[in-house]
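Chain residues, written in single-letter form:
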Amino acid sequence: MIPGVVAGGTAREPILSLRGVAAGYGPRTVLRDVDLAIDGGEWVAIVGPNGAGKSTLLRLLTGVLAPTAGTVAVDGRPLATLDRDDIARRIAVVPQPSSLPFAATVESVVALGRLPHEDRFRGLRPADRAAVAAAIERVGLGRLVGRDVRELSLGERQLVLLAVAIAQAAPVIVLDEPTVHLDVRHQFDVMDLLADLNARDGRTIVTVIHDLHLAASRIPRIVVVGDGRIVADGPPGSALSADRVRETFEVDPALLPDGPWSRAAATVRG
Amino acid sequence: MASRQDALAAPTAIELSMAGRRRPIVLAVVGLAALAVALVAAVAVGTVPIAPVDTLAIIVHRLLPFDLAQTWTATEETIVWDLRLPRVLEAMIVGLGLAVAGTTFQGLLRNPLADPYVLGTASGAALGAAIAVLIPVRIELLAFGLLQILAFAGALLSVTVVYRLSRTAGGSPMTSLLLTGYALGSLLAAALAMAMYLSGAALRQIFAYLLGSFENASWGELAGAIPLIAIGSILILVRARTLNGLLLGEESAAHLGVDVRRERAILLALASLVTAAAVAVSGLIGFVGLVVPHVVRMLVGPNARLVLPLSAIGGALLMVVADLAARMLGGIPVGVITAVIGAPFFLLLLRRAQRGYEL
C-alpha cells in the first residue's frame with residue numbers, strides 16, 4: 001500500500017496488515033485466506049478455540065513465521081523486507097512466562113526490552129536505563145526491582161514481561177494470552193494496564209485471549225479465528241453473537257456468563 | 001527466605017542500580033591486579049626459585065630495548081623466558097578461552113550445566129589425540145605436533161557433526177543439539193576406550209592428554225593458540241547482545257531483534273573454535289568453563305556484556321593459580337587442582353547466595 005493513498009474508505013494506512021495470507025508448518029496448512037487490517041491505536045482481541053490458528057496468526061504478525069502465501073506488513077512495509085531489529089522497534093511481543101536458565105533481577109530482565117535500541121558495543125545508555133526504570137514503575141513493580149524474577153509469582157512475572165514490552169517502546173504490542181495464569185485481581189490489573197497503554201500512549205494492542213467474557217467486556221474489536229480462517233471481525237456485539245459462539249466454540253452460549261451472546265440468544269429465542 | 005517485608009525494606013531502584021554499576025568495574029580491577037600478581041608469582045616460583053625482581057627484569061630485558069644491569073644468570077633467563085613464561089601464558093589464555101566458551105555455551109543452550117565440552121569437543125579432541133599417539137607418523141606443522149593437530153581437528157569435526165545432525169532432528173533446536181552432543185560424545189568415548197585398550201605402552205601418553213597439563217607449553221604453541229582464542233573471544237564479546245536476548249528463550253530473542261538462526265550458528269562456531277584451540281594445546285581441563293561463568297553471574301547478574309569479560313579474567317586467574325599449585329605440589333594434573341580450588345569456592349558461594357540459586 002502506498003502511503004497517503006485512501007484505502008478502504010479511511011485515509012489512514014493500517015499499522016498491521018495481512019493480505020491473502022496462508023501459513024503452516026511443513027505440509028500442514030494451519031491458516032488460509034486471512035485478510036486483516038489493524039489501524040494505529042486500535043485494541044484488538046484474537047479469540048478462538050484451541051488449535052484454530054490463533055498462535056500461528058500471532059507468529060505471522062510478529063514475523064517469526066513467514067507466510068506461505070500473501071504478505072504481512074507493518075507500517076505498509078512487508079515484514080520479509082525488514083530485519084529483526086527493524087521489526088523489534090515496531091512490534092513488541094509479550095510471551096507467556098517461561099523459565100529462566102539463570103538468576104536474573106527484575107531490572108536486568110526488563111533491560112532486555114532495550115536490546116533493539118542498544119548500541120552493539122556500548123550497551124545501555126542513561127536514556128535506556130531511564131526507560132527501563134519507567135517501565136518497571138508503570139507496571140507497579142518498583143518495589144521488586146532488585147528481586148530474582150524466578151522468586152516472583154506468575155502474575156508478577158507476567159507484569160515483568162509486560163514491562164519488557166513497554167521498555168521496548170514499540171508502537172505495537174502483541175500479547176499471547178496475558179491473563180491465562182492469573183487470578184481475577186491480576187487479570188483486571190493487566191487489562192487496566194493494557195487499556196491505559198492503549199488510551200494514554202496510543203499504542204496498538206493485539207492480544208490473543210481465551211476468556212471470552214473478559215474480551216467482550218474490555219476489548220473494542222474482536223477477531224474470531226475458527227478452523228484456520230477469520231470467521232468474524234468486529235465489535236463484541238456482532239463478532240460474539242450466540243450463533244457464532246455455538247458454531248465456532250461449540251458451546252451452548254446459555255452456559256457462559258452474561259455477554260453479547262446472551263443478548264443475541266434472547267433475541268433469537270424471542 | 002526473602003519475604004514481602006524484606007522486599008519493602010530493600011534498596012530503591014536507583015540505589016541498587018548505582019551499586020550494580022560500580023561493582024563490575026571494581027571486580028575487573030581487582031581481578032586484573034590479582035592476575036598480574038599471579039602471573040609474576042607463577043613465573044618466579046618453581047624448583048629453581050628466581051627473585052620476582054629478576055623475573056620482571058628478564059621479561060623487560062627481553063621485551064623492551066632497555067639496557068638493564070644483568071643481575072641474573074643465563075640459565076635463569078632460559079628458565080624464565082623459554083620454560084616458565086610460555087607455560088604461564090598458556091595457562092592464562094586457555095583459562096580465559098574455556099571460561100568465555102563456557103559462558104557462551106551456557107547462554108546459547110540456555111542450560112546452566114553446559115560447559116565448553118558439551119557438544120562433543122572434548123571427546124572429539126580426545127579421540128584425535130589418541131589416534132595421533134597410536135599412529136606411527138610424526139608430522140610437525142609450524143610448532144604443532146600431530147597430537148595437537150588431530151585434537152584440534154577432532155574437536156571441530158565432532159561439533160560440526162553434532163550441529164549437522166541436530167538440524168535434521170525434530171524438536172527444539174537447542175534440546176536436539178544437547179541430546180545429539182550427548183549421543184555423539186558417548187559414541188566417541190567408546191572409540192576412545194577402544195583406542196586406549198589397544199594402545200599398550202602408549203596408554204600413559206593418552207592418559208596424560210586426558211588429564212590436561214601445560215608442561216609442553218612453548219612459544220610456538222602459543223603463537224597458534226593465542227590468536228585463535230583471543231580473536232574468537234573478542235568476536236564473542238561483541239555478540240553479547242545475542243546471549244542476553246536468549247535469556248528469555250529463542251522466540252523472545254527474535255522478538256527483541258536478534259537474528260537467532262544466524263547468530264546461533266556464528267556463536268557456536270566461535271565458541272567451538274576457542275574450545276578446540278584450548279584443548280589442542282592443554283588437553284582436557286574441566287571445571288573452569290563450567291564454574292567460572294556461574295561465579296561471575298552470582299556476583300554481577302546475567303548480563304553477558306559483563307559476564308563475558310569478567311569470566312575471561314576469572315578463568316585466566318583460576319588457571320594460572322591452579323597450574324602454579326600443580327607445579328608446587330610436584331606435578332599433580334592441573335585438572336585435579338582446578339576442581340579442588342573451584343568446587344569448594346563454588347559451594348561456598350552457593351550457600352552464601354542470598355537470593356537463592358536454582359540450577
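Conventions and cut-offs
Residues numbered from 1 in each chain as written. Chains lettered and ligands numbered in written order. Predicted model: local features only at pLDDT ≥ 70, side-chain atom pairs only at ≥ 80, totals over all residues. Core = buried A, V, L, I, M, F, W, Y, C linked by C-beta atoms within 7 Å. Buried ≥ 20, exposed ≤ 12 C-beta atoms within 10 Å, placed from the backbone. Helix = DSSP H or I, 4+ residues; strand = E, 2+ residues; numbered from the N terminus. Contact = placed C-beta atoms within 7 Å. pLDDT = per-residue confidence, 0-100. Nonpolar A, V, L, I, M, F, W, Y, C, P; charged D, E, K, R; others polar. Expected span 1.5 Å × (residues − 1). Pairing = 2+ DSSP bridges. Axes fitted to C-alpha atoms, helices over the stretch in contact; angles between N-to-C directions.

(A) Structural view of the nonpolar core. Judged by nonpolar contacts, the single largest core of 192 residues is most densely connected at Val 110, Val 160 and Ala 163 of chain A together with Met 92, Ala 129 and Val 320 of chain B. Broken down by element, this core gets its largest block of residues, 17 residues, from helix α4 (residues 74-109) of chain B. In this structure, Val 160 of chain A is in contact with Val 106, Val 109, Val 110, Leu 141, Val 149 and Leu 152 of chain A, ignoring residues within four places of it in sequence.

(B) Structural detail: the confidence of the model for chain A. All names here are of chain A. Of the residues in chain A, 93% reach a pLDDT of 70 or more, and the chain-wide mean stands at 87. When pLDDT is averaged over each helix and strand of chain A, the minimum, 60, is found for helix α10 (residues 260-269) and the maximum, 96, for strand β8 (residues 204-208). Predicted confidence for residues 1-10 stays below pLDDT 50, and this span has eight contacts to residues more than four positions away or in other chains.

(C) Spotlight on the interface of chain A and chain B. The interface is formed by 36 residues belonging to chain A together with 35 residues belonging to chain B. Contributions of two or more residues to the side of chain A that touches chain B are made by α2 (84-90), α3 (106-110) and α4 (126-138) of chain A. Class assignment for the residues of the side of chain A that touches chain B results in 17 nonpolar, seven polar and twelve charged.

(D) Region of the structure containing helix α12 (residues 260-282) of chain B. Residue and element names in this part refer to chain B. Between the first and last C-alpha of α12 there are 32 Å, a value that for 23 residues agrees with the 33 Å anticipated at 1.5 Å per step. Burial within α12 is extensive, with 18 of its 23 residues counted as buried. Gly 283 occupies a position one or two residues after α12 and carries a positive phi of about 80°.

(E) A look at the sheet that holds β8 of chain A. All names here are of chain A. On the basis of which strands lie adjacent, the open sheet formed by six strands has the order β6-β7-β8-β3-β9-β10 and mixed pairing. Single-partner strands in this sheet number two, and they are β6 (91-94) and β10 (229-234). Direction aside, neighbouring strands of the sheet carry axes that sit 15° apart on average. With four bridges joining them, strand β3 (residues 43-47) and β8 adopt parallel strand pairing. Bridging across to β8, Trp 43 finds its partner in Ile 205. Contacts from helix α6 (residues 184-199) reach β3, β7 (172-176) and β8, with the element oriented near 150° to β8.

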